[in-house]
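Chains, contacts and geometry: an overview
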Amino acid sequence: FLPVFGALFCLAAASAENSSARRLSQGVMSKKDKDGERLDRTNPVIELNDISVQEREGPELLGNTMFWKYYEDINPKYVFKCSTIEYRSLKLMLFETIFYVMLLGVLTGYIDACRGSMTYYTTKAGRDFWRICDANSVCAIDEVNDQASFWQFIRQQFIPLTFSDRQEYEPVLDLAVDWESGVVNYGPKANTIYELNEMSVVWHPRYIGDSKTNILLGNVRLRQLRMRNKTDCTIGEVFQQVTNECFGPFSADKQSRKSYDERWTPTQVEHCYTWHPSNITDQVDMYGSGGLYPGDGFVMDVPLSLVEADSQLSDLQTWHWIDQATRAVIVELNTLNPNVNMITNIRLLFEFLPSGQIRATTNVFAFRTIWLSLSVMMDDDLPLFVYHVAIVALFSVWSSYVFWTIKKTGPVTWFSYMWNVVDLVGILLFVTLCIIRVVTFVSAGQEPTMQPELAAVTELFVPYSKLVPDLQRADDVMAFLGLFCWLKAFKYFSLSHFFGPLVRVTERGLQQLAKFGTLLCSLFLGFAICLHIGFGAQVEMYDTLGGSFLALFFMLSGSVDLGVLFDTHNALATALFAIYVVLIYFVLFNLFMAVILDVHMLVQIEQAGSGQGAKAGEARKNPMLLFLFTYWHKLKGIVLIGNEPEAAVGFPDEQFINLNLLPGIVRSRLMQKIDNAIGTLEELEGPGAGVRQGGQLQTVETLKQKWWSGEGEGEEYVSRVQLQRCLDQDADLRELLGMERAIDVIRRFRVDQGPDPYDQISRLQDAVFSKLDLLEKDDGVKFEEAETLKMVAVGLSEALTDVQNAWREELTNCLESAATLSEGLIQLTKRLERVQLNFNKIESDVSNQYGK
């Protein structure tokens, strides 16, 4: 009921918030459409519009991750030129995507091959077999609740399973372990493993179960851990007369290392009462509900005869090997399934808690034999070995590429992008995985009892549990590696406009939800303390603070039975439930939805405001699709923009030619194509449309005026690019000129013009006047007026007077014409006014007559 009610409430709240967010988004977008404004945000990709051509075509920006972060803001017009940073970055992004898809496929195959198809069934079979479970999943180990039932389980049920095929096995190496020093002593039959003689024995594999699919590797070892008297416990003065012994919870630094065998303890089990460190026991730590149990302790190896084994276990039971100081007994053995080449390490933990309860835990870990060495992997599973080599090579290349992008982008900017951090985490996880694998191979190779020639020795204990922690860590790291690598795939969905907004919401949402998670965990911690204090004594789930904290998360999905709280008939349960519902379902759930909706709204606004080159209401162009279009044409040898041969470009002074220098037919064709282009633009975009030149919008009318009124270069000059385009589109023009390149046409018809004569005359006059000034300054030179010059000056003055008079006369005529036009316009205005009055009168009369 609780999750459904909360979901319905949140759905209603989300609908209301979504509608308000949509209205707000529409308001913002209408303001943007009205004012033509963009949201104010720092965007380095947009700032690339202002860089120079040299910077755009240089190598400095290649590899910068800003093109991933602001992918939708890449200017499409620069994608068509193959030398721009936009084109090269999109090419790099495409190859990166292809490489990562290949890496992801190989990694997924590698992870699947590492796990193997029979690992689960091998583990389950081992757990059910050694827990001695029937078809109804009722296990004998769960019935162990005191020392008597423990010894009954070990002696009558567990140990007989290790002798399923035979009651006795002869020792292969005739070994005897000196438990005082940890040295293995060899008997007279120690050399028979390598040769056949009269002392050789018949070897029999120790099959487990009647199916004979599993073989016991080595021996079975029991280990006990004990606590010292009066450690972590205190006997009150009132009860000191009752007892003077108490043993607290297990602690590794306070465990008992004292031998506790009695005077008449049988010799065959006397060594079992002596403590040994972990380097002698060859065992590792094991976690239990009572704490962490180290690898040292009091050890007993099960003999190779069922009768002798039962005899020693009987002596241990009789002579109190287990007593009130015992805190844990660990039984460890290893089996091999040759059908699937898997080794199973089984550890049974019996915890003797200070409360008197015995809790049994089974730890079964199955792993493939290929993890013992690379040579075994190459022989037994060559495809996995190939996977291993391939994934190492791919991650090496990927790591080099990632560190190159860090160098190109800069560490601070690089780490500000979320997917870059995911990349680095994936690389670190893979490096950690490789280190763990190497450590596992080295550990297996350095352990004498794990060598292939000793695999059949039944009296040796094989410490495969030493490999289990590394193998478990490798599986954990590999699981997180797969998670982060597939999570990283979200980044490449941003190349699609269909998934791109969702990826941006994910990027922004995770950052906001991290803050929300801090608030949620703080609140849950308060509830966990309340549950632990109020119900920890009645409900096992709330016995620990950590268990109470996790229960609150499972409570959100309805997987926690709340009835046990109300069965306690405690008023605290009702109050706690009411507070939990109000704060979690009514407040935090809506806060969660508000965070997501807010991020989604912001992304929608930014996505609508982005997309350079797109007009209002026009679909944004996908830069990657434009790149693929350009790249496809480049592969076919077609260059859309730029990258022309140097011979076809010419020199800077050969990029324009005067239209008057071209033949008439060529000039008319060019003018016709320009008219057609402007007309097509007007038909498609409307009369008010145009193109951007120099950062300003040039409308169709402005273009026409510039081309035909003499205000722009279009009236007199045509560029080489325009001329080349006309030649490419008009075969008749190419045939008429006999040329295919515009640069050849320009060189053929361009005429080098001499200096301007008026400019030369002005320069000559300046030179003459300057020399005359110098001569006048010299006192010895006299310059008298010449009669001819005087006559010329008078003539020029009269001519200038006539020109001025004629200009005044023409100006007067223009003013009189303007006055006449003004009078005509005034009369026209008056007549229009009379027409308007007459029309209003007619409209009024018609309305009065026919209005009803």
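Further up the page is the structure itself.
Sequence order as written defines the numbering, with residues in each chain counted from 1. The predicted nature of this model means local features are confined to residues of pLDDT at least 70 and side-chain atom pairs, given and counted, to a pLDDT of 80 or more, with totals for whole chains, interfaces and linings taken over all residues. The basis for every side-chain value is the complete set of non-hydrogen atoms in the structure, without hydrogens or water.

1. With respect to the state of the cysteines
Any two cysteine sulfur atoms within 2.5 Å of one another count as a disulfide. This structure, assessed with the given rule, holds two disulfides. Linked covalently through their sulfurs, cysteine 133 and cysteine 139 form a disulfide whose S-S length is 1.8 Å. One quick way to see it: the torsion about the S-S bond of cysteine 133 and cysteine 139 is about 95 degrees, and its sign makes the bridge right-handed. In this model cysteine 233 forms its disulfide with cysteine 246; the gap between the sulfur atoms is 2.1 Å. Here cysteine 233 and cysteine 246 share a disulfide; its torsion about the S-S bond, 90 degrees, makes the bridge right-handed. One end of the pair, cysteine 233, is in the loop between β4 (214-226) and β5 (275-276); the other, cysteine 246, is in the loop between β4 and β5, and 13 residues separate them in sequence. Each bonded cysteine of the protein is numbered by sequence order, and under that numbering the disulfide pairs are 1-2, 3-4. A run of H or I in DSSP counts as a helix once it spans at least four residues, and a run of E counts as a strand once it spans at least two, with each numbered from the N terminus.

2. Some words on unusual backbone geometry
Of note, isoleucine 132 is a non-glycine position whose phi angle comes to about 55 degrees, a positive value. Following the sequence through the fold, isoleucine 132 ends up in the loop between α6 (119-130) and α7 (147-161). Note on exposure labels: buried denotes an accessible area under 20% of the residue type's maximum, exposed denotes more than 50%, and partly exposed covers the range between, all computed with a 1.4 Å probe on protein chains only. In this structure isoleucine 132 comes out as partly exposed when scored by relative accessible area, which is 23%. In the Ramachandran plot, lysine 212 falls in the positive-phi region, its phi being about 55 degrees despite a non-glycine side chain.

3. Section: the packing of helix α11 (residues 382-409) against helix α13 (residues 418-446)
Note on definitions: angles span 0 to 180 degrees between N-to-C directions of axes, and those axes are lines fitted to C-alpha atoms, for helices only across the stretch in contact. Packing of α11 against α13 brings their axes to within 11 Å, and their N-to-C directions diverge by 140 degrees. Between α11 and α13, the crossing angle belongs to the class labelled oblique. Classified by chirality, the crossing of α13 by α11 is left-handed. Packed against α11, whose contacting residues are Ile391, Val392, Phe395, Trp398, Ser399 and Val402, the element α13 presents Asp423, Gly426, Ile427 and Phe430 at the interface. Nonpolar residues are Ala, Val, Leu, Ile, Met, Phe, Trp, Tyr, Cys and Pro. Charged residues are Asp, Glu, Lys and Arg, and all others, Gly as well, are polar. Looking at side-chain class alone, the contact of α11 with α13 contains seven nonpolar, two polar and one charged residues. Working rule for angles: under 35 degrees goes down as roughly parallel, over 145 as roughly antiparallel, 65 to 115 as roughly perpendicular, anything else as oblique. Note: crossing handedness is left-handed where the near helix turns anticlockwise from the far helix by less than a right angle, and right-handed where it turns clockwise. Here, two residues are considered to be in contact whenever any of their heavy atoms come within 4.5 Å of each other.

4. Side note on the environment of proline 463
With respect to the element layout, proline 463 can be found in the loop between α13 and α14 (468-488). For proline 463, a relative accessible area of 0% translates into the label buried. Once you skip the residues sitting within four places of it in the chain, proline 463 turns out to touch Asp282, Glu447, Thr449 and Met450.

5. Here's the deal with the pairing of strand β11 (residues 358-368)
Of the strand pairs in this sheet, strand β10 (residues 342-352) and β11 are connected by eleven bridges, and their pairing is antiparallel. Counterpart to phenylalanine 350 in the pairing with β11 is alanine 360. Where β10 folds back onto β11 in an antiparallel hairpin, the turn is made up of five residues, including glycine 356, whose phi is positive at roughly 100 degrees. We call two strands paired when DSSP finds no fewer than two bridges between them.

6. Re the pairing of strand β8 (residues 297-301)
Within β8, five of the five residues are buried, which leaves it mostly tucked inside the rest of the structure. Examined bridge by bridge, β4 and β8 share four bridges and lie antiparallel to one another. Counterpart to glutamine 224 in the pairing with β8 is phenylalanine 298. Strand direction decides the pairing type here: β5 and β8, joined by two bridges, are antiparallel. Bridging across to β8, histidine 276 finds its partner in glycine 297.

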